[in-house]
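What follows is each chain in one-letter form.
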Amino acid sequence: PISVFTENGEKKHIMDDRLLPMARSSIPGLVERLSESLVQYGCGDAWSHAVEGSVSPLGILESRATGAALMNEMLEVGLKRDEQWFDFSARACLLQASTGVGLIHGIAHTLEPILGTGQSDGGWGHARLCSTILWPVFDRFIRDTEKWQSFTSEHMVDESAISATLHSLFNRDDYLAIRPHLIEAWKLILRHPLTRINCSLVRSGDIARFTEDIV
């Protein structure tokens, strides 16, 4: 967040949508030309940023409120081919840039150079990796934490609707394809700076959560 000083000299952190680009271009019909897979990866990536940014231990009350408002808008639009998702993605990136992310991105950033970073439907780009690991991490490391429960109750976010949305993004085949690489790279993932700011502590033995069946 931006740091400013109030009239009484207190330091305050603020979230400001003016940090988004002042001018953004829209390519007519672009969203209609995207494949179903890329639409799914894009939505999953936006949700990954929004969820982790909202409950990051580096966040503040204002950033959590911003994340909650964004999630409610995303829930209202739903997972579909809609130009609003470009704006949702930009705002989610602004949120995570202001607060930090966690294990989803610690895994994605570690595996990107291992699996290759091609952004096509068949490549393992950032958005596809985040979308793939979103549900397993949310299910095993986030949704039962005190921080997540406090966030959803304090900011009136529909936890069950979010869980259903994130689960609907889960591609089991993609997850099973990357899981051996995730297990092999676990020590590197644990040392990644983003993993260390996860909303819950991640330990070496937690790799067992990924070896168990995830549905």
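Shown above is the structure to which this text applies.
Note that the coordinates shown come from a computational prediction; the quantities given were computed from them, not determined experimentally. (Residues numbered from 1 in each chain as written. Predicted model: local features only at pLDDT ≥ 70, side-chain atom pairs only at ≥ 80, totals over all residues. Heavy atoms only, no water.)

### A few points about the packing of helix α5 (residues 103–115) against helix α9 (residues 172–184)
Two elements in contact, α5 and α9, have axes whose closest approach is 10 Å; the angle formed by their N-to-C orientations is 100 degrees. Classified by the interaxial angle, the pair formed by α5 and α9 is roughly perpendicular. Together, Ile 107, Leu 111, Ile 114 and Leu 115 of α5 and Ile 178, His 181 and Leu 182 of α9 make up the contact between the two elements. Classifying every residue of the contact of α5 with α9 by side-chain character gives 6 nonpolar, 1 polar and no charged. (Axes fitted to C-alpha atoms, helices over the stretch in contact; angles between N-to-C directions. Helix = DSSP H or I, 4+ residues; strand = E, 2+ residues; numbered from the N terminus. Parallel < 35°, antiparallel > 145°, perpendicular 65-115°, else oblique. Contact = heavy atoms within 4.5 Å. Nonpolar A, V, L, I, M, F, W, Y, C, P; charged D, E, K, R; others polar.)

### Section: empty space enclosed by the protein
Using the criterion set out here, one finds 1 cavity of 30 Å³ or more in the structure. If you add up the space inside the largest cavity, you get close to 30 Å³. Lining the largest cavity are Glu 52, Val 55, Ser 56, Pro 57, Val 101, Gly 102, Ile 142, Ile 197, Asn 198 and Cys 199. Looking at side-chain class alone, the lining of the largest cavity contains 6 nonpolar, 3 polar and 1 charged residues. (1 Å grid on protein atoms, 1.4 Å probe; cavity = no way out; pocket = protein on both sides within 12 Å on 5 of 7 lines; lining within 4 Å. Points joined across faces, edges and corners; volume = space filled by probe spheres on them.)

### Section: the side chain of Ser 48
Note on placement: Ser 48 falls in helix α2 (residues 36–55). Given the relative accessible area of 0%, Ser 48 is considered buried. (Buried < 20%, exposed > 50% of the residue type's maximum accessible area, 1.4 Å probe, protein only.)

### Some remarks on the nonpolar core
Grouped together as the largest cluster of nonpolar side chains are 48 residues, with contacts concentrated most on Trp 47 and Phe 210. Here this core gets 9 residues from one element, more than from any other, and that element is helix α6 (residues 126–142). When neighbours within four sequence positions are excluded, Phe 210 is seen to be in contact with Leu 103, Ile 107, Ile 133, Pro 136, Val 137, Phe 141, Tyr 175, Arg 179, Leu 182 and Trp 186. (Core = buried A, V, L, I, M, F, W, Y, C linked by side-chain atoms within 4.5 Å.)

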